[in-house]
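# Structural characterization, general
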Amino acid sequence: MRLSTIVHDGSRTLGTAEGPGAPWRLAPGHLRLEDAIAGAPIPEGGETVPDEEAVPALPHRPGTIFGIGLNYRDTIAEMGWPRPEVPYLFTKLSSSAIGTGEPIVLDPAVTRRVDWETELAVVIGSEARDIPEERALAVVFGYTVANDVSARDLQADDGQWVRGKGLDTFCPLGPVVVTADEIKDPQRLAVRTWVNGEQVQDGTTADMLFGVRSLIAYLSRFFTLRPGDVILTGTPSGCGDFMDPPRALRPGDVVESEVEGIGRLVNPVRARRHP
């Protein structure tokens, strides 16, 4: 099943659909996607609207966003960095999350080297601590698409990644959450990016150094994972800062991020308007 927060006739509500292009069924009452992730049953009934009349918004605002760096073998080779022995962990702020169609906002007074990173995102569905790898997928509610937008100059200046990864609008998510039963193997999905219609990333989750099971087990060794938390699993090669010459996002650009079996996240890029 595909779920999202849908804007229809000016209102936001939980929507469910059986597949790409299928009509959306709007959940009655005030049920939110956060409630469904936490285990609330989705009532039968509700208004049905055509796919083209429903606009997906940010599916939900995660409590915690865990990011994993240097997790694709081709990216490690492209960057020339040593291979991590354990997952390279950082966090993104909840306030950085936006939905499809919303702009990635650049402030040239803050950063001038903003990059794209399309990623498979894992949505946690039940509380987990010290979960073994063989049971790790049982705590997954579903999967979505993420763009781990990154300010490379801030990363370099700080030596750690809180500012470089956590700026407002730097975590597009969506357009839908696909329930875990629809993704039989999260390690066999294509991951692609287009900037202004030009394909710049074309990878596969099979290239992950640490797979989804391993990441969940590793994170739950140190932190309690809660329903709605999101894990960004890393990005394949093709990021702009490592091109020759390097490229950075500019106002007017459009970034499209796609993960096979889930959908395509589309975000324009614009400059921040100062008061």
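Our subject is the structure listed above.
Residues numbered from 1 in each chain as written. Predicted model: local features only at pLDDT ≥ 70, side-chain atom pairs only at ≥ 80, totals over all residues. Heavy atoms only, no water.

On to the overall build of the protein chain. Along its length, the protein chain carries five helices and 19 strands. Compactness check: the protein chain gives a C-alpha radius of gyration of 18 Å against a globular reference of 19 Å for 275 residues, within 12% of the reference. C-alpha atoms of the protein chain, sized along the principal axes, occupy 55 × 45 × 30 Å. Looking at the protein chain alone, contacts between residues at least 24 apart form 72% of all its contacts between residues at least 6 apart. Accessible surface for the protein chain amounts to roughly 12,000 Å². Of this, 50% is attributable to carbon and sulfur atoms. Once the 27 positive and 39 negative side-chain charges of the protein chain are each reduced to a mean point, those two points are 4 Å apart. (Helix = DSSP H or I, 4+ residues; strand = E, 2+ residues; numbered from the N terminus. Rg over C-alpha atoms; globule rule 2.2 N^0.38 Å. Contact = heavy atoms within 4.5 Å. Areas by Shrake-Rupley, 256 points an atom, 1.4 Å probe, with all protein chains shown as cover. Lys, Arg positive; Asp, Glu negative; His and termini not counted. Charge placed at Lys NZ, Arg CZ, Asp CG, Glu CD.)

Before going further, it helps to examine the packing of aromatic side chains. Each aromatic ring pair is summarised here by two numbers: the centre-to-centre distance and the angle between the ring planes. This model, assessed by the stated rule, comprises five aromatic pairs. One cation-aromatic arrangement involves arginine 264 over tryptophan 194; the distance from NZ or CZ to the ring centre is 3.9 Å. (Phe/Tyr/Trp six-rings, centres within 6.5 Å; stacked < 30°, edge-to-face > 60°. Lys NZ or Arg CZ within 6 Å of the ring centre and 35° of its normal.)

What follows covers the pairing of strand 16 (residues 198-204). Strand direction decides the pairing type here: strand 15 (residues 190-195) and strand 16, joined by six bridges, are antiparallel. Across the sheet, the residue bridging to threonine 193 is glutamine 201, located in strand 16. Turn length for the strand 15-strand 16 hairpin, with the two strands adjacent in sequence and antiparallel, is two residues, and the turn residue asparagine 196 shows positive phi of about 55 degrees. (Pairing = 2+ DSSP bridges.)

Turning to a negative patch on the surface, a few remarks are in order. A grouping of Asp9, Glu47, Asp51, Glu52 and Glu53 is seen on the molecular surface, where their side chains present a negatively charged patch. Of note, aspartate 9 is situated in the loop between strand 1 (2-8) and strand 2 (11-17). What makes aspartate 9 exposed here is its relative accessible area of 69%. (Patch = residues over 30% accessible without salt bridge, like charges linked within 9 Å, V, L, I, M, F, W, Y side chains within 5 Å. Salt bridge = Lys/Arg side-chain N within 4 Å of Asp/Glu carboxyl O. Buried < 20%, exposed > 50% of the residue type's maximum accessible area, 1.4 Å probe, protein only.)

On to the pattern of salt bridges. Side chains that differ in charge, positive against negative, can pair when their charged atoms come close. This structure, assessed with the given rule, holds 15 salt bridges. Arginine 163 is the partner of aspartate 158 in a salt bridge, and the nearest nitrogen-oxygen pair spans 2.7 Å. Residue arginine 163 is classed as partly exposed on the basis of its relative accessible area, which comes to 41%. A salt bridge links arginine 247 to glutamate 198, with the shortest nitrogen-to-oxygen separation between them at 3.2 Å.

For the rest of this paragraph, the subject is the sheet that holds strand 9 (residues 104-106). Adjacent strands of a sheet form backbone hydrogen bonds with each other and so pair up, either parallel or antiparallel. The five strands are arranged 9-19-18-15-16 in an open sheet whose pairing can be described as mixed. Either end of the sheet is taken by a strand with one partner, and the two such strands are strand 9 and strand 16. Strand after strand, the sheet turns through a mean of 15 degrees between neighbouring axes, direction not considered. Bridging between strand 9 and strand 19 (residues 263-271) involves three bridges; their strand directions are parallel. In the strand pairing of strand 19, isoleucine 104 is matched with valine 269. (Axes fitted to C-alpha atoms, helices over the stretch in contact; angles between N-to-C directions.)

In this structure, Leu120, Val122, Tyr143, Ile216, Ile231 and Ile262 are the most contacted members of the largest nonpolar core, which totals 40 residues. Listing elements by their share of this core, those giving two or more residues are strand 3 (24-26), strand 6 (65-69), helix 2 (73-79), strand 11 (118-124), strand 12 (140-147), strand 14 (171-179) and helix 5 (212-222). The greatest single-element share of this core, amounting to four residues, is contributed by helix 5. Leaving out residues up to four positions away in the same chain, isoleucine 262 has contacts with Arg2, Leu120, Tyr143, Thr144, Val145, Val176, Val178 and Ile183. Membership of the second largest hydrophobic core comes to 19 residues, among which are Leu14, Ala27, Ala121 and Ala146. (Core = buried A, V, L, I, M, F, W, Y, C linked by side-chain atoms within 4.5 Å.)

What follows deals with the pairing of strand 1. The element strand 1 is extensively covered by neighbouring structure, given that six of its seven residues are classed as buried. Relative to strand 14, strand 1 runs antiparallel, the two being bridged by two bridges. Each bridged residue has a counterpart across the sheet, and for leucine 3 the counterpart in strand 14 is valine 177. The pairing of strand 1 with strand 2 spans seven bridges and is classified as antiparallel. The residue of strand 2 that forms the bridge with isoleucine 6 is threonine 13. Counting the residues that bridge the hairpin from strand 1 to strand 2 gives two residues, and of these aspartate 9 lies at a positive phi of roughly 55 degrees. Bridge count for strand 1 against strand 5 (residues 55-56) is two bridges, and the pairing is antiparallel. Across the sheet, isoleucine 6 pairs through a bridge with proline 56, a residue of strand 5.

In the segment running from glycine 174 into proline 175, the intervening peptide bond is cis, with an omega of 0 degrees. You can see proline 175 is positioned in strand 14. In this chain, aspartate 244 is followed by proline 245 through a cis amide linkage whose omega measures 0 degrees. Looking at where proline 245 falls in the secondary structure, it is placed in the loop between strand 17 (230-232) and strand 18 (254-259). A positive phi angle, close to 55 degrees, is found at aspartate 130, a residue other than glycine. Among the structural elements, aspartate 130 can be located in the loop between strand 11 and strand 12.

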